[in-house]
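Below are the chains, spelled out letter by letter.
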Amino acid sequence: MTHSFDKDYWDQIWDGDRAAAMAAGQPNPHLVREIGDLSPGTALDAGCGAGAEAIWLATGGWQVTAADVATTALARAAERAAASDVGARVRWVEADLARWQPDTRYDLVTTHYAHPAMPQLDFYDRIASWVAPAGTLLIVGHLHHQDHASGGHGHDEAGPPASASVTAADITARLDPLVWEVVTARESHRALPGHGGHSASIHDVVVRANRRP
């Protein structure tokens, strides 16, 4: 199946039947594992959805800019942040990440399964340019593999299309070693409870890199 990943697509996802379950999700475990040892600073969550990761970062003392193209997702995120008493530490931005350009660079730029209307690796190049010197880039994406099993991130049951999937090597090949120190380049397979009591397989790619000062 071909997806455009434009605003209309994501608005339909966040206004659809699965939106409530997506909005109740917990922060991505890869974020918790990879970023928990960093001193808080400024962070950008690119494609923040309903805000679980942005709120986790804000709770840990980060000053967060959280951007997403879906209006309903941002409304859910803002409500959840207010209920968690961290609303003042998060700035919610409705933005098309294929076109939006921040006016600053960040100590941390992270993204979790975001697919804007542009080639996936070009998107990762784009957000990497928003990392400040000595800052951190954390990418969590759908792993490109043979059957593209769905992780329940808003795609149909066949999983994300190949165009939205990558490998760790795909990402690290784009990171100039004169600019970046790759800390983590891992491909992960895990299971979560799925629909009707069935487990869902999650196939992730995780890349963490530090921009050299």
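Structure's up top.
Let us look at the structure shown here. (Residues numbered from 1 in each chain as written. Predicted model: local features only at pLDDT ≥ 70, side-chain atom pairs only at ≥ 80, totals over all residues. Heavy atoms only, no water.)

Topic: the side chain of Glu53
Selection criterion: A run of H or I in DSSP counts as a helix once it spans at least four residues, and a run of E counts as a strand once it spans at least two, with each numbered from the N terminus. Three exposure classes are used, based on accessible area relative to the maximum for each residue type with a 1.4 Å probe and protein chains only: buried under 20%, partly exposed in between, and exposed over 50%. Positive charges are assigned to Lys and Arg, negative charges to Asp and Glu, while His and the chain termini are left out of the count. Here, a salt bridge means any side-chain nitrogen of Lys or Arg that lies within 4 Å of a carboxyl oxygen of Asp or Glu. Counting of polar contacts relies on pairs of N or O atoms within 3.5 Å, with two restrictions inside protein: one atom must be capable of donating a hydrogen and the other of accepting it, and residues adjacent in sequence are counted only when both atoms are side-chain atoms. Note on contacts: a residue pair is in contact if any heavy atoms of the two residues lie within 4.5 Å.
Tracing the chain through its elements places Glu53 in helix α4 (residues 52-59). In this structure Glu53 is buried but unpaired, with Arg80 as the nearest side chain of opposite charge at 7.7 Å. Looking at Glu53, its side chain comes within polar contact range of the main-chain nitrogen of Asn28, at 2.8 Å. The residues contacting Glu53, other than those within four sequence positions of it, are Gln26, Pro27, Asn28, Leu31, Asp45, Cys48 and His112.

Digging into the environment of Thr136
Relative to the helices and strands, Thr136 is located in strand β5 (residues 131-143). Placed 45 residues apart in sequence, Thr136 and Glu181 show a C-alpha to C-alpha distance of 9.5 Å. Apart from residues lying up to four places away in sequence, Thr136 is in contact with Ile35, Leu38, Asp107, Leu108, Val109, Val131, Arg208, Ala209 and Asn210.

What about the packing of aromatic side chains?
Applicable threshold: Aromatic contacts are taken between Phe, Tyr and Trp rings whose centres are within 6.5 Å, Trp giving its six-membered ring; a plane angle under 30 degrees counts as stacked, one over 60 as edge-to-face, and the others as tilted.
Under the counting rule described, the total for this entry stands at 2 aromatic pairs. Between the aromatic rings of Trp100 and Trp130, the centroid separation amounts to 5.6 Å while the plane-to-plane angle is 80°, which identifies the pairing as edge-to-face. Of this pair, Trp100 sits in the loop between β3 (90-94) and β4 (106-112) while Trp130 is found in the loop between α6 (120-128) and β5, placing the two residues 30 residues apart along the sequence. Geometrically, the ring pair formed by Phe123 and Tyr124 is tilted, given 5.7 Å between the ring centres and 40° between the ring planes.

Structural notes on the environment of Ala54
With respect to the helices and strands, Ala54 occurs in helix α4. On the accessibility criterion, Ala54 (0% relative accessible area) is buried. When the C-alpha positions of Ala54 and Thr65 are compared, they lie 7.8 Å apart, and in sequence the two are 11 residues distant. In this structure Ala54 touches Asp45, Val64, Ala66, Val90 and Trp92, once residues within four positions along its chain are discounted.

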